[in-house]
Amino acid sequence: RMQRPDDPVTGDGLIRPVDINQPQPQDLVAAGGHTNLVRPWRGYDSIIMRETTARSRYHGLLIVFRHADERAGSLVLNYTLSRTKTDATEDNDVRVDLPQNPLDKNAEFAHARTDRTHIFSAYYIYEVPFFRTSGEGVLKAMLGGWQVAGIITAASGPAARIRFLSTGRPDQVGDPGAGQQPGLLWFRPDAFQPPPPGMYGTAPVAPLRLPGYHQWDISFSKNFY
């Protein structure tokens, strides 16, 4: 089943947090860093309001193949090619979903952290045909009836949203995935830097993806008929 590009699965009126008392960075610089002098409501700290203004859009191509051959075994293949974009992945996570600029909330619309470009799974059972019809009772009992079964799952990595705690999004100055990364790093930290004073970061909301995964579960068993 394919979801047409002009008819996506939509979500509107989703909940997201917004700091309605956040000062603009250029005003903060002009005030010499005195935050409370340039907040919309002076005398108050951050005011986190949860609004029903977020949205999500999902496009997907889903393919399923099934084959069954009685005693010989069965096979099921599933594949999904999809894209999920939103401006609020999780309504309670103010560390990531808080808009960088409360006056430009639409700029947060990007790949969701739950987005996976490729998802594949396979389920199979196969009985080895050797000695299935053997006239030797001992060989048939000992070597016949063996089967292999398993589950294979694989998926692309999720989209990662990069933020600096003090300035929101950074500026992207290089390719975060270029070259071999040392140790446990899967992207280049030096591809990002803090934005200039009085400016918002210009990096994409989700500039890279985390590692994907694949898992194989296999079992061998014997049937006695």
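Residues numbered from 1 in each chain as written. Predicted model: local features only at pLDDT ≥ 70, side-chain atom pairs only at ≥ 80, totals over all residues. Heavy atoms only, no water.

K.L.:
Break down the overall build of the protein for me, citing the residues and quoting the values.
P.N.:
Each helix and strand in the protein was counted, giving 3 helices and 11 strands. By residue count, 33% of the 225 residues in the protein fall in the buried class. If you take every contact in the protein between residues at least 6 apart in sequence, the share linking residues at least 24 apart comes to 74%. On the protein, roughly 14,000 Å² of surface is accessible, and the fraction owed to carbon and sulfur atoms is 59%. (Helix = DSSP H or I, 4+ residues; strand = E, 2+ residues; numbered from the N terminus. Buried < 20%, exposed > 50% of the residue type's maximum accessible area, 1.4 Å probe, protein only. Contact = heavy atoms within 4.5 Å. Areas by Shrake-Rupley, 256 points an atom, 1.4 Å probe, with all protein chains shown as cover.)

K.L.:
Account for the packing of aromatic side chains, naming residues and giving values.
P.N.:
Per the counting criterion, the structure on display carries 1 aromatic pair. Relative to Phe-192, the ring of Phe-187 has its centre 6.2 Å away and its plane inclined at 70°; by these criteria the two rings are edge-to-face. Look at Phe-192 and you get buried, because its relative accessible area is 7%. For Arg-55, the ring lying beneath its charged end belongs to Phe-109, and the centroid distance is 3.9 Å. (Phe/Tyr/Trp six-rings, centres within 6.5 Å; stacked < 30°, edge-to-face > 60°. Lys NZ or Arg CZ within 6 Å of the ring centre and 35° of its normal.)

K.L.:
Go over the side chain of Thr-84, please, and point to the residues and values.
P.N.:
The topology assignment puts Thr-84 in strand S3 (residues 73-86). Thr-84 sits in the buried class, given a relative accessible area of 16%.

K.L.:
Which residues make up the nonpolar core, and what values go with them?
P.N.:
Ranked by size, the top nonpolar core spans 6 residues in total: Ala-160, Ile-162, Ala-191, Phe-192, Ala-203 and Leu-208. With sequence-adjacent residues up to four places away left out, Leu-208 is seen in contact with Pro-158, Ala-159, Ala-160, Ile-162, Pro-176, Trp-186, Phe-187 and Phe-192. (Core = buried A, V, L, I, M, F, W, Y, C linked by side-chain atoms within 4.5 Å.)

K.L.:
Can you lay out the pairing of strand S5 (residues 118-127) for me, pointing to particular residues and giving the numbers?
P.N.:
As paired strands, S3 and S5 are joined by 9 bridges and run antiparallel to one another. Within S5, the position partnered with Val-76 by the bridge is Tyr-123. As paired strands, S5 and strand S6 (residues 146-155) are joined by 9 bridges and run antiparallel to one another. If you follow Ile-119 over to S6, its bridge partner there is Ala-155. (Pairing = 2+ DSSP bridges.)

K.L.:
Can you explain a nonpolar patch on the surface? Please cite residues and give values.
P.N.:
Taken together, the side chains of Val-138, Met-142 and Leu-143 define a hydrophobic patch exposed on the protein surface, amounting to about 300 Å² of accessible area. Within the secondary structure, Leu-143 is located in helix H3 (residues 137-143). (Patch = residues over 30% accessible without salt bridge, like charges linked within 9 Å, V, L, I, M, F, W, Y side chains within 5 Å. Salt bridge = Lys/Arg side-chain N within 4 Å of Asp/Glu carboxyl O.)

K.L.:
An account of the confidence of the model for the protein is requested, with residue identities and associated values reported.
P.N.:
Counting all residues, the mean pLDDT for the protein is 86, and 90% of those residues have values of 70 or more. Looking at the elements of the protein, mean pLDDT is at its lowest for H3, recorded as 70, and at its highest for S5, recorded as 95. (pLDDT = per-residue confidence, 0-100.)

K.L.:
So, the pattern of salt bridges: which residues are in play, and what are the values?
P.N.:
Within the structure shown, the criterion is met by 9 salt bridges. Across the pair Arg-57 and Asp-12 runs a salt bridge, and its minimum N-O distance is 3.0 Å. Pair noted here: Arg-57 is in strand S2 (residues 48-68) and Asp-12 is in strand S1 (residues 9-19), with a separation of 45 residues, a long-range link. The exposure class of Asp-12 is exposed, given its relative accessible area of 52%. Here Asp-190 and Arg-188 are joined by a salt bridge, their closest N and O atoms 3.0 Å apart. Judged by its relative accessible area of 51%, Asp-190 falls in the exposed class. Judged by its relative accessible area of 25%, Arg-188 falls in the partly exposed class. Through salt bridges with shared partners, one network takes in Arg-16, Arg-55 and Asp-87.

K.L.:
Go over the environment of Lys-140 with me, naming the residues and quoting the values.
P.N.:
Mapping Lys-140 onto the fold places it in helix H3. You can call Lys-140 partly exposed: its relative accessible area is 38%.

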